[in-house]
Amino acid sequence: MKRLLFILGAWAVSAIASPSLLGRADKEQEEPAGSPGLMTVPDKFNTALGVDWNRTYGQTEPQQIHLSFGSDSKYARIQFATLSPIDQAVLKYWPKSRHVSTSSKKPVTHLRGESWTFTDGGALQRELYMHMIKTKNLKAATVYAYQVGATTCNGTEWGPELEFHTASKEDEFSFLSIGDMGVNNAVSMPHLVDFAKTHKYDFVTLSGDQAYDMADFNGIKGDEYMNMVQELFARVPYMGVPGNHERAYNFSHYINRYATLPHKESHFANPLMYSFDYKSLHLISFSTEIYFYGTPEEVQTAINWLEADLVEANKHRQQRPWIVLITHHPLYCSAPSEDCTSKAQLIRDGFNNTGFGALEPLLLKYNVDVVIAGHVHNYERTLPIAKGQVTSQSYHQPKSYMQVIVGNVGQPEGAESFNTTGPWADWSAKRYDGNGFSTVKVTSETFSMTHHQANHDGTLGSVIDSFTISK
């Protein structure tokens, strides 16, 4: 009851400060629960996870646990939050086959981390206490169990025992690829957690838009979301990119909640952009939100950073032949909205037809292989494309990049339907406006992607699409 009163109080203060939220209240009967500005509720997808993501947490109880990898999973950063300050954030981890309590001789690693205070930009200026620990170098092909802890004068309060795995010693690997996920109507989430538990997928990319929105109710919705996705992001490292629904207070929720991302190693100022290497893959996380919420200086900084990263990546093309860019807004799409016309053109060609900030010329110049986007709430695959024209009907040694939209994992705003009658652009090879998620398998010679249907009755559906690019 105390938590409910706090949430309602937070909503009231936010509404007084923002008449738009009062307007949202008038629409609660019209818009689905969990939509931007509306409170979340338990539903059949977020309750299927078996976790109390909206329960009351203790003041120093670790919550919102997640991790990200450095290049080739040589190390990980693990982050958690508490509601009150603590004296020290701690981490213990060990090879899964060696249980922490079986013998004092087993190699349990204990580390201390860093902490900081994140102040939400809302009316309450609500504070959340963030903690992060970087592991030592990790062994390949190993399942690690771990726990994070919050130490105070009363001792250490440990979070649940969790686990993740590092890269195998083989050339081949797989990862999950999703986009646009809310607390409510997260249709694919139970299947993603099931896939994560198999240890067959090394990380997960998320092409922007989470929680709808993290900043709602002075950040409480962000807390609920992060506790829900702990079931996924604490097992399979998060390697995502921000979307427009993370833009509140200059993306401060995203920057503080995903401090684990390897932006420092990538020479970028914050987690909004980064890159990392994984076996034969160079993955780049590039935020297209700069085109809509950034200054000209920020656009130029981002483009300069991206080109420098691509120059360096091409020096190692023999070792890492695949360059994949994940982002939020697509460069091409077929849904009937400005996202697929004026906004997509702006990203491709730059501002006011001047070429300033243009993304596509860099993708073509440096032979990027794949762009994975979200934002549009459906699935769409293009043929190899350049300047609006199909460059090949085949994915064997294509002459340009291709793009996949994976914005249909499930969120309260619902799917974005295609025009059922067409006509379709020549470059649009596959379209699907239901819910689903993708799995990706990579070798030094092939890049294969499969899109799985997630049904509203909770069952896993059929394979919607599958393709392979070969070099």
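Everything numeric in this text was worked out from a predicted model, so none of it was measured.

A. Representation of the state of the cysteines. Using the criterion set out here, one finds 1 disulfide in the structure. Disulfide pairing places C333 opposite C340 at an S-S distance of 2.1 Å. Measuring the twist about the S-S bond at about -115°, one finds the C333-C340 disulfide to be left-handed.

B. Summary view of the pattern of salt bridges. For the coordinates displayed, the defined rule picks out 16 salt bridges. Residue R77 is joined to E265 by a salt bridge in which the shortest nitrogen-to-oxygen separation is 2.9 Å. Of the two residues, R77 is situated in strand β2 (residues 76–82) and E265 in the loop between α5 (248–257) and β14 (274–278); the sequence distance between them amounts to 188 residues. Overall, the relative accessible area of 32% leaves E265 in the partly exposed class. Salt bridges linked by common partners bring K96, E161 and E163 together as one network.

C. The pairing of strand β23 (residues 436–442), seen in detail. Counting buried positions along β23 yields 6 of 7 residues, so the element is predominantly enclosed. When β23 meets strand β24 (residues 446–454), the two strands line up antiparallel, connected through 7 bridges. Within β24, the residue paired with G436 across the bridge is Q453. Connecting β23 to the next strand, β24, in antiparallel fashion are 3 residues.

Calculation notes
Residues numbered from 1 in each chain as written. Predicted model: local features only at pLDDT ≥ 70, side-chain atom pairs only at ≥ 80, totals over all residues. Heavy atoms only, no water. Disulfide = S-S within 2.5 Å. Salt bridge = Lys/Arg side-chain N within 4 Å of Asp/Glu carboxyl O. Helix = DSSP H or I, 4+ residues; strand = E, 2+ residues; numbered from the N terminus. Buried < 20%, exposed > 50% of the residue type's maximum accessible area, 1.4 Å probe, protein only. Pairing = 2+ DSSP bridges.

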